4 protein chains.
Amino acid sequence: MIQMTLIQIDNYGPWTVTPTPRAEADLQILQAELYADLQRQFAVKGGLVFFTRFDNMLAVTNGVDMDHHLRIQKSINNRYPITVSMGVGTAETPYEAQRSATSALQKYGGAQSEERSEILAIEGLVKPDDSFVQIAHIDINGITDSLTDIIPAYDTSFIVNRVQHFLMKKLIEKGSLLFFIGGDNFMSPCNGMNPEGLLTIIEEIEEETNIALKAGVGKGPNAEKAANLADLALEEIRGGCTYNLVHVMKE
Amino acid sequence: MIQMTLIQIDNYGPWTVTPTPRAEADLQILQAELYADLQRQFAVKGGLVFFTRFDNMLAVTNGVDMDHHLRIQKSINNRYPITVSMGVGTAETPYEAQRSATSALQKYGGAQSEERSEILAIEGLVKPDDSFVQIAHIDINGITDSLTDIIPAYDTSFIVNRVQHFLMKKLIEKGSLLFFIGGDNFMSPCNGMNPEGLLTIIEEIEEETNIALKAGVGKGPNAEKAANLADLALEEIRGGCTYNLVHVMKE
Amino acid sequence: MIQMTLIQIDNYGPWTVTPTPRAEADLQILQAELYADLQRQFAVKGGLVFFTRFDNMLAVTNGVDMDHHLRIQKSINNRYPITVSMGVGTAETPYEAQRSATSALQKYGGAQSEERSEILAIEGLVKPDDSFVQIAHIDINGITDSLTDIIPAYDTSFIVNRVQHFLMKKLIEKGSLLFFIGGDNFMSPCNGMNPEGLLTIIEEIEEETNIALKAGVGKGPNAEKAANLADLALEEIRGGCTYNLVHVMKE
Amino acid sequence: MIQMTLIQIDNYGPWTVTPTPRAEADLQILQAELYADLQRQFAVKGGLVFFTRFDNMLAVTNGVDMDHHLRIQKSINNRYPITVSMGVGTAETPYEAQRSATSALQKYGGAQSEERSEILAIEGLVKPDDSFVQIAHIDINGITDSLTDIIPAYDTSFIVNRVQHFLMKKLIEKGSLLFFIGGDNFMSPCNGMNPEGLLTIIEEIEEETNIALKAGVGKGPNAEKAANLADLALEEIRGGCTYNLVHVMKE
């Protein structure tokens, strides 16, 4: 079972334009620092946060209990001009887990409700024995030589975004999620997906976009361990330890 | 003329896996804090940074001179485990400006070169009299009611990413760039584009994706002023001051 | 028993002047952000860090185990241009605990040794059953009306520093420590000290400096709980719930 | 003429205990990050901020104009749960400058007034031609070998605090200020003081405390340049380029 937390800034949209639109640079700094801050606080318990839309962030939080969620909300409330509400859900697949996390929070009112503030809506928490996270770390083969060092910076990010779009479209059908984590890297919480399924997607994308991808897959009791194993698996592909484009490591 | 700066972390990829892959949470925090830091330092001079790929960031930097670029590089070097190189270019369109900024930097070696460090490659700087920035702030109509509060969080971000993909594809043909800035918001440096062109794109996207967009356009001597005017223009559409889906404000 | 951790930046002095003296502003930012970062990471486990000399910080860390100390060191190493070593000690009094924490670390080499890096030297860790922290939150009566709003800002900080100096001198004789935490506030880890002893010191200082102090004392299993209770105790004095200048609250 | 800015958090004391005392760790993080943030924003214009009491900070701000002060206030307001007011003063000596900065702000109400918010009270701004800053960087000779690596960490900070107390007492009589900047380092804005005066103080302190100090003095048009020169002057003493305990460098 995977546990996911939806973190939503309370009534953020209206705040950004009250009384008049706030400087975009300040909003960007606020969003990036809030994300870094939440990442640091969830990471301490083995969680991993993805910036997603910044005002709505999704995190894999197996092992993070109710008290720690509350502590984080309070800590943000004490140091930022905004507050955050959270929904927590669990399921066999990441897609179902975020859906249940979202609906748990939606019950308490809209993201732009003026009443709703610092809600913690827990649909469920994964028990240690059931805790399992599978994460794939996907990147583009030799992007630096083939793109970054040759074509304009924006063209490279255009291609990376295109790949992201294709990956999201194909993975969501399998109940897996896909998040951009910088550079040419993506992380996909993908409980329930097998290597063959991932390989098929990678092959389809190479056909459709002519971009070659590879994926390290990690399996562990929480996001931190799964992500670390995914990194190691990807390193083994890079290092030529395996010729597979999808390589799996488990604890 | 618009001036753009490409900010590239030196030899970042290899660093992230040396000696072994670093914790993903730490890398995410490092990237987000570096972006927030650069944003704060460029903003002081009226610049605006877009996170782009985090290891490669694009900024609109009209009014930011060589000394300030150097100061920022030194300041990052003093406080982070990594260094950044920068390329600066100018042109009539944002696309051409980032292309010239990229090629200026590429001349000094690859992003993963072990020699290249803290390069500042300036192809050109915009003179105050020629300085002009046009930015469009684009968002999705009523996303909170129609998506955020109803469907799962990931599905909303999937739709936002899809819209981004379509916008990037259409805008690049006009020499304009498109960056996601969080929530359902995009900013497009779009010197040289007229409102009709933008409206056409918005209409096409509504047909293709059934998502209704609107755009506030700001024109000013630097990114800060152009972005602020774009925000105000967007507020006027939201406030019903105009029925146009594209509204322009200039100094 | 109280557990204290000495956090020391490795070989920091030489680094600050290599190759030439680094900008003082950058060093101040680095030091403040490192402190905030460590605070956030220790706080998650109920610890509390005092900035002390910034390159050497003392923390009350009851409940923070070896793994968490290692995780923090690694996380700092991944995001800063410097590394930190730590020594951990336990004792009946805070003074003895920091002494043992210091000697544990000193065994591994000097603060400016070029070899020593990321050492974790643990003399001992407090067992849950023995874990006890007593903290006094001391402040100056009505400083805003009597000083901040009337005399020059520097004169007020001069007086606050003078009070700090007197408090340190008297408390160290009792095996208690004293840290400035901003404004007119001090926190004193003071296991083993009784209210009478603290009251005597407060009375002596009023005689010698004509500055009236008050103290809330908290007793708990870790620094966080003790500090919170100390805050509440101080609030009760401020609120007039008690006429004592020293008020104690325990779990 | 030196220009100094007093930065004061509006109504901070009451905020920290509303509705109940906020976690001390959160307050420490907030204060440290606010200081780092202000430092970064003033540094861009050649200013230098000293943390002083954290809720009240003093900065040397020659060259920082009204617009930049306003921009910083707005930027803080957009990203923190608190706002800051500022007073700006100028004089021949740092002491007089901070006095005039303080009184300028005090006119607008108390630090804990519920009405006062985001005030910018400018008594005066230094004209470029009159702009002059003298800063002394003072440290303790061989503290690492003699203290840090031998005695307990708290004892060293006790000695450093004692030295600070003596330095403050003697320098204020000369119209000079003294701020602790970490480690065994102090910075003293000391316009109007001559090397002999500083040497006398250093000699007196060695007699009284048996602690040997040395001082690099820098003279320049703003705080950044003066501080850098002071650092270089101190390096020359450390390097044995001079046997003087006080060494001066000017632009």
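Quick caveat: nothing in here was measured; it's all calculated off a predicted structure. (Residues numbered from 1 in each chain as written. Chains lettered and ligands numbered in written order. Predicted model: local features only at pLDDT ≥ 70, side-chain atom pairs only at ≥ 80, totals over all residues. Heavy atoms only, no water.)

1. Some points on the overall build of chain A
Piece 1. Scanning chain A from N- to C-terminus turns up eight helices and ten strands.
Piece 2. Taken over C-alpha atoms, the radius of gyration comes to 19 Å for chain A, in line with the 18 Å a tight globule of 251 residues would show.
Piece 3. By residue count, 66% of the 251 residues in chain A fall in the buried class.
Piece 4. A sequence separation of at least 24 residues applies to 68% of the contacts in chain A between residues at least 6 apart.
Piece 5. A total accessible area of about 8,500 Å² is found for chain A, and carbon and sulfur atoms account for 50% of it.
Piece 6. Computed over 20 positive and 33 negative side-chain charges, the separation of the two mean positions in chain A equals 5 Å. (Helix = DSSP H or I, 4+ residues; strand = E, 2+ residues; numbered from the N terminus. Rg over C-alpha atoms; globule rule 2.2 N^0.38 Å. Buried < 20%, exposed > 50% of the residue type's maximum accessible area, 1.4 Å probe, protein only. Contact = heavy atoms within 4.5 Å. Areas by Shrake-Rupley, 256 points an atom, 1.4 Å probe, with all protein chains shown as cover. Lys, Arg positive; Asp, Glu negative; His and termini not counted. Charge placed at Lys NZ, Arg CZ, Asp CG, Glu CD.)

2. As for the interface of chain A and chain B
Piece 1. With 70 residues of chain A at the interface, the matching set in chain B holds 70 residues.
Piece 2. Of the roughly 5,700 Å² buried where chain A meets chain B, counting both sides, 64% is carbon and sulfur surface.
Piece 3. For the pair chain A and chain B, the number of links is two salt bridges.
Piece 4. Among the ionic pairs, Glu33(A) bridges to Arg40(B), the shortest N-O distance being 2.7 Å. (Buried area = accessible area lost by both parts, 1.4 Å probe. Salt bridge = Lys/Arg side-chain N within 4 Å of Asp/Glu carboxyl O.)

3. Thoughts on a nonpolar patch on the surface
Residues and elements named next belong to chain A.
Piece 1. There is a patch of nonpolar side chains on the surface, built from Met 66, Leu 70, Ile 122 and Leu 125 and spanning about 300 Å² of accessible area.
Piece 2. Among the secondary structure elements, Ile 122 is positioned in strand E5 (residues 120-122).
Piece 3. Residue Ile 122 is classed as partly exposed on the basis of its relative accessible area, which comes to 30%. (Patch = residues over 30% accessible without salt bridge, like charges linked within 9 Å, V, L, I, M, F, W, Y side chains within 5 Å.)

4. Things to note about the relation of the copies chain D and chain B
Piece 1. If you rotate chain D by 180° and push it 0.0 Å along the axis, it lands on chain B with an RMSD of 0.0 Å. The two molecules are tied by a two-fold rotation axis, judged by turn and shift. (Least-squares fit on C-alpha atoms with pLDDT ≥ 70 in both.)

5. As for unusual backbone geometry
Generally, phi is negative for residues other than glycine and the peptide bonds are trans, each holding for most cases.
Piece 1. Across the junction of Thr18(B) and Pro19(B), the peptide omega takes the value -5°, indicating a cis bond.
Piece 2. Here Asn210(D), not a glycine, exhibits a phi torsion of approximately 65°, which is positive.
Piece 3. The topology assignment puts Asn210(D) in the loop between helix H7 (195-209) and strand E9 (213-220).

6. Quick look at the pairing of strand E3 (residues 56-60) of chain A
All names here are of chain A.
Piece 1. Counting buried positions over the five residues of E3 gives five, a clear majority of the element.
Piece 2. Neither face of E3 is open: one carries Asn 56, Leu 58 and Val 60, the other Met 57 and Ala 59, and all of them are buried.
Piece 3. The pairing of strand E1 (residues 2-9) with E3 spans five bridges and is antiparallel. When the sheet's bridge partners are listed, Ile 7 is paired in E3 with Met 57.
Piece 4. Both strand E2 (residues 48-50) and E3 contribute to a ladder of three bridges, which runs antiparallel. (Pairing = 2+ DSSP bridges.)

7. Some thoughts on the sheet that holds strand E6 (residues 133-140) of chain C
Residues and elements named next belong to chain C.
Piece 1. Strand order in the open sheet formed by five strands is E7-E8-E6-E9-E10, with mixed pairing between adjacent strands. Only two strands of the sheet have a single neighbouring strand rather than two, namely strand E7 (179-182) and strand E10 (246-250). Recorded for the sheet is a direction-independent mean angle of 25° between the axes of neighbouring strands.
Piece 2. Pairing geometry for E7 and strand E8 (residues 185-189), over three bridges, is antiparallel. When the bridges of E8 are listed, Gly 182 appears paired with Asn 185. (Axes fitted to C-alpha atoms, helices over the stretch in contact; angles between N-to-C directions.)

8. Regarding the side chain of Lys170(B)
All names here are of chain B.
Piece 1. Relative to the helices and strands, Lys 170 resides in helix H6 (residues 153-172).
Piece 2. Among the residues examined, Lys 170 registers a relative accessible area of 14% and is labelled buried.
Piece 3. A polar contact of 3.2 Å, which involves the side chain of Lys 170, links it to the side chain of Glu 208. (Polar contact = N/O pair within 3.5 Å; in protein donor to acceptor, adjacent residues only side chain to side chain.)

9. Here we look at the domain arrangement of chain A
Residues and elements named next belong to chain A.
Piece 1. The domain boundaries assigned to chain A delineate domain 1 (1-128) and domain 2 (131-248).
Piece 2. Taken over C-alpha atoms, the centre of domain 1 sits 25 Å from the centre of domain 2.
Piece 3. The interface is formed by 21 residues belonging to domain 1 together with 19 residues belonging to domain 2.
Piece 4. Ranking the residues of domain 1 by area buried against domain 2 places Phe 50, Pro 94 and Tyr 95 at the top, with a combined share of 32%.
Piece 5. Between the two partners, domain 1 and domain 2, sit zero salt bridges.
Piece 6. Summed over the shared surface of domain 1 and domain 2, the number is seven residue pairs in polar contact (both at pLDDT 80 or more).
Piece 7. Every element with two or more residues in the side of domain 1 that touches domain 2 is listed here: E1, E2, E3 and helix H4 (94-106).
Piece 8. Element by element, the count of residues in the side of domain 1 that touches domain 2 is highest for H4, at three residues.
Piece 9. For the side of domain 1 that touches domain 2, the residue count by class is 13 nonpolar, six polar and two charged. (Domains from an automatic or database assignment. Nonpolar A, V, L, I, M, F, W, Y, C, P; charged D, E, K, R; others polar.)

10. Side note on the interface of chain D and chain B
Piece 1. Across the contact, nine residues belong to chain D and nine residues belong to chain B.
Piece 2. Each partner contributes to the roughly 860 Å² buried at the junction of chain D and chain B, and carbon and sulfur atoms together form 46% of this total.
Piece 3. Of all residues in chain D, the largest losses of buried area upon contact with chain B belong to Arg40(D), Val44(D) and Arg71(D), amounting jointly to 68% of the total for that side.
Piece 4. Between the two partners, chain D and chain B, sit four salt bridges.
Piece 5. The salt bridge involving Asp37(B) is made with Arg40(D); its shortest N-O contact spans 3.0 Å.
Piece 6. Run the count over chain D and chain B and you get six residue pairs in polar contact (both at pLDDT 80 or more).
Piece 7. Elements with a contribution of two residues or more to the side of chain D that touches chain B: helix H2 (24-43) and helix H3 (66-79) of chain D.
Piece 8. Along the lines of polarity and charge, the residues of the side of chain D that touches chain B split into two nonpolar, two polar and five charged.

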